[in-house]
Amino acid sequence: MITFESLGLSEPILRAVKAEGYDTPTPIQAKGIAPVLEGKDVLGCAQTGTGKTAAFLLPMMHRLSKNPQGRRRPIRALVLSPTRELAAQIGESFERYAKFLPLQHTVIYGGVKQGSQVSALRKGVDVLVATPGRLLDLHGQGFIALEQCEFFVLDEADRMLDMGFIHDIRRLLKVLPKQKQNLLFSATMPKSIVQLASTFLHQPIEVSVSPQSSTVEAIEQQVMYVAQPDKKKLLAHILYELKCPTSIVFTRTKHGANRVVQYLEKGDIRAAAIHGNKSQNARLRALNQFKAGKISVLVATDIASRGIDIETVSHVFNFDIPHESESYVHRIGRTGRAGASGKAIAFCNEEETADLWAIERLIKQEIPQVLEHPWHHYPAFEKMIICRNEGIKKAQKKSQKGKKPNYRRRRRRNR
Ligand code: AMP
């Protein structure tokens, strides 16, 4: 059996891992730590929640601390994250894992004043965790020197591209030294990521812990059919009925998130919203209140969904079905983390059925339907559900014959 000791990590790191209560490495750690320790480039396919942060931070810290740079502290490792939340969480993880090592780090992201970030950089840091915009901004102003960077980690690369950071990444690769160890992690491996990886990874070791776009097995998924105006009532009802201790609710829009929070608060359910219109401090405050158990519901948009690392999320609600099927996988990955169980409930209205079916095609499974709930009485659905069930049966028959199910054709026929 692979243990943290057998991987050859140094004693201060083993002590920190023990203090975190980690008994055994997660699969991505068991596969990914050794090649990083050997100095190899790594292309990792792993979702958030699989323990991938430690998979790159622990061996990176090991290598950095074996070769200390004294008091000068040039930036020796750069970790790039698509969102502020993920950057903050990588920073927090670093602090915990490096607590017995003499390594310094700082986290920089936009949306807040740059003063304190600049003074942290001036003091000198070994490891810089950053989002692309602020990094390039401070680099342009001359506050960041990357010439001595030995490690470059690109985290959540697929989300990075979704968010349009490809040009920033290319600009950054030009200012980073050619000779360095590169690690790229992504929840999915579409062609665009493989292409990007080929531009800067040298003979990477590929590690993958879950098949592309598979949903975390520990998560119990459900879908409930409900008209849009009734969704908030259904949500409040379930939160009361199931006494959900910690839930994240995903809405498509920022205003939608605010409206859900207002409704829940009227019903005495303590909730807060995190989305792009909230200041970085407001977002972090909401996250901290949630972590401390002061609020039980966090209502978020997709931008905020990545990188929310809270170990005890019991329920994820897809208040709106996402247009992008991949987002569903990322959203529900907020629960069932590191082997814990979790529940993901999706609310689907009449217009969202096509998106729901696209998700089912992507995850290659049928999401169990719950028809017994107070707001299910919505006649237009009955026909749709019957069509869907018939369609799935037909598709299953076809796929048993070795043919791929063709949901799209079925949908057109049913219009
Ligand atoms: P990540 O995928 O890096 O966001 O990690 C997800 C969660 O798993 C975090 O809350 C970590 O604290 C936790 N975790 C990471 N590695 C382990 C491990 N070996 N054993 C138990 N929990 C872990």
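Residues numbered from 1 in each chain as written. Predicted model: local features only at pLDDT ≥ 70, side-chain atom pairs only at ≥ 80, totals over all residues. Heavy atoms only, no water.

### Concerning the pairing of strand β2 (residues 77–80)
To be explicit about the condition: Categorising residues by exposure relies on relative accessible area from a 1.4 Å probe, with only protein chains included: less than 20% of the type maximum marks a residue as buried, more than 50% marks it as exposed, and the intermediate range marks it as partly exposed. To qualify as a helix, a DSSP run of H or I must reach at least 4 residues; to qualify as a strand, a run of E must reach at least 2; elements of each kind are numbered from the N terminus. A pair of strands is considered paired only if DSSP assigns at least 2 bridges between the two.
Side chains A77 and V79 of β2 all project onto a buried face; the interleaved residues L78 and L80 project onto the opposite face, where all are buried too. Pairing between β2 and strand β4 (residues 127–130): 4 bridges, direction parallel. Bridge pairing in β4 links V79 to V129.

### Remarks on the sheet that holds strand β3 (residues 105–108)
Which entries qualify depends on this criterion: Between N-to-C directions, angles span 0 to 180 degrees; the directions come from axes that are lines fitted to C-alpha atoms, helices contributing only their stretch in contact.
Taken together, the 7 strands give an open sheet; going across it, the order is β3-β4-β2-β5-β6-β1-β7, and neighbouring strands pair in parallel fashion. Each edge of the open sheet is held by one strand with a lone partner, namely β3 and β7 (205–208). Averaged over all pairs of adjacent strands, the angle between their axes in this sheet comes to 15°, without regard to strand direction. The pairing of β3 with β4 spans 4 bridges and is parallel.

### Overview of the packing of helix α4 (residues 84–97) against helix α12 (residues 280–291)
Test applied: Between 65 and 115 degrees an angle is taken as roughly perpendicular, under 35 as roughly parallel, over 145 as roughly antiparallel, and anywhere else as oblique. Two helices that cross are described as forming a left-handed crossing if the nearer one is turned anticlockwise from the farther one by less than a right angle, and a right-handed crossing if clockwise. Should any heavy atoms of two residues lie within 4.5 Å, those residues are considered in contact. Here the nonpolar group is Ala, Val, Leu, Ile, Met, Phe, Trp, Tyr, Cys and Pro; Asp, Glu, Lys and Arg are the charged ones; every other residue, Gly included, is treated as polar.
α12 packs onto α4 with a crossing angle of 55° between their chain directions and a minimal axis gap of 11 Å. Here α4 lies oblique to α12, going by the angle between them. Where α4 crosses over α12, the two elements pack in a sense that is right-handed. Across the interface between the two elements, R84, E85, A88, Q89 and E92 from α4 touch Q280, R283, L284, L287 and K291 from α12. Class assignment of the residues belonging to the contact of α4 with α12 gives a composition of 3 nonpolar, 2 polar and 5 charged.

### Some words on the sheet that holds strand β10 (residues 271–274)
Strands belonging to one sheet form pairs held by backbone hydrogen bonds; the direction of such a pair is parallel or antiparallel. Read from one edge to the other, the open sheet built from 6 strands follows the order β8-β13-β12-β9-β11-β10, with strand pairing classed as parallel. What marks the edges here is a single partner per strand, and that holds for β8 (219–225) and β10. When strand polarity is set aside, the average angle formed by the axes of neighbouring strands in this sheet is 20°. Two elements, β8 and strand β13 (residues 342–348), share 7 bridges in a ladder whose sense is parallel. Residue pairing in the sheet places Q221 in a bridge with A344 of β13. Most of the contacts of helix α10 (residues 231–241) go to β13, to which it runs at about 160°, and overall it touches β8, β9 (247–250), β11 (297–300), β12 (315–318) and β13.

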